[in-house]
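Residues per chain, in single letters:
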Amino acid sequence: MEKLTYKLEVYEGPLDLLLDLIEKNKIDIMNIPISLICDQYMQYIEQARAMDLELAGEFIVMASELLYIKSKMLLPRIEPDEEDPRANLAEALLIYKRAKEAAELLAPMYSSYSGRTEKEEDEIKAPNEVPEGLSPELLKKALGVISIRLRELEAAHSRNLSPLVKGTVVPVSEKLSEIVVHLKKKPRSLLHVMRTATSRSALIATFMALLELIKERTVIIYDDDTESGNIGDSVMLKYNEEAGNHLPITEF
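One structure accompanies this document, and this report is about it. Keep in mind that this is a model prediction, so the values were computed, not measured.

### Observations concerning the packing of helix 6 (residues 172–185) against helix 8 (residues 200–215)
Here is step 1: Interhelical geometry of helix 6 versus helix 8 gives an angle of 65° and a closest axis separation of 8 Å. Considered as vectors, helix 6 and helix 8 are oriented roughly perpendicular to each other. Taken as a pair, helix 6 and helix 8 cross one another with a handedness that is right-handed. Across the interface between the two elements, Val172, Lys175, Leu176, Ile179 and Val180 of helix 6 pack against Ala202, Ala205, Thr206, Met208, Ala209, Leu210, Glu212 and Leu213 of helix 8.

### Considerations on the nonpolar core
Here is step 1: Core analysis: the largest hydrophobic core is formed by 29 residues, its most contacted members being Ile179, Leu183, Leu190, Met194, Leu210, Ile221 and Leu237.
Here is step 2: For this core, the secondary structure elements donating two or more residues are helix 5 (136–160), helix 6, helix 7 (190–194), helix 8, strand 2 (219–223) and strand 3 (235–239).
Here is step 3: The leading source of residues in this core is helix 8, at 8 residues.
Here is step 4: Setting aside residues up to four positions removed in sequence, Leu237 forms contacts with Leu183, Pro187, Arg188, Leu190, Val193, Leu210, Val219, Ile220, Ile221 and Tyr222.
Here is step 5: Core analysis: the second largest hydrophobic core is formed by 23 residues, Leu19, Ile22, Cys38 and Ile69 among them.

Rules and cut-offs
- Residues numbered from 1 in each chain as written.
- Predicted model: local features only at pLDDT ≥ 70, side-chain atom pairs only at ≥ 80, totals over all residues.
- Heavy atoms only, no water.
- Axes fitted to C-alpha atoms, helices over the stretch in contact; angles between N-to-C directions.
- Helix = DSSP H or I, 4+ residues; strand = E, 2+ residues; numbered from the N terminus.
- Parallel < 35°, antiparallel > 145°, perpendicular 65-115°, else oblique.
- Left-handed = near helix turned anticlockwise from the far one by under 90°.
- Contact = heavy atoms within 4.5 Å.
- Core = buried A, V, L, I, M, F, W, Y, C linked by side-chain atoms within 4.5 Å.
- Buried < 20%, exposed > 50% of the residue type's maximum accessible area, 1.4 Å probe, protein only.

As structure tokens, this is what we get:
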């Protein structure tokens, strides 16, 4: 029998050594020439002992198992359908081989992700305070302007003796898009935006839409005394490009 030359590398266990011997001899796991593999396994054990290498007890146990299988293979079979003495060993080697191949596939993932930790999600509560940069005084001024506008509308209806008709309810969502479309073109005064309302319902919807847009920072309200001496004209509104990009707008 040709002697194999070993570098006596360290194996993880007896199955690792047996699998290496099978691959070096290019033999089928399901049809192991047990005499050849047993002799080469024992040769490795003897060389390891000669080099004073410590062997785990499982290597010695496997050596006795191989010798037992070898002796069984030499004896004639009493029953024709008697189980092959190599069957259990072959099954263990197949399972080990699959596990080893899976470990090789998982090794790069372990190298990339083993040092990472996952942080649990934190609940972020909506702040109740006034958004940063928003002046309560400007909102107070805006309410005064709207109040004046409402009185003007009521007075106009009375002067014209317009019939009392139930107005159509204007949805706030409609005014959200309409206001953004106007302010995208250029900044407008608060009075200019409010004068687009043709009814009390539209006026209320416009104001509610403005409050929502200001809250979401889609529209910025600021005081520009250079525009006019009129308090309503000096309260200006402009579209905030950064905050407004996510808002779906319907063109009118």
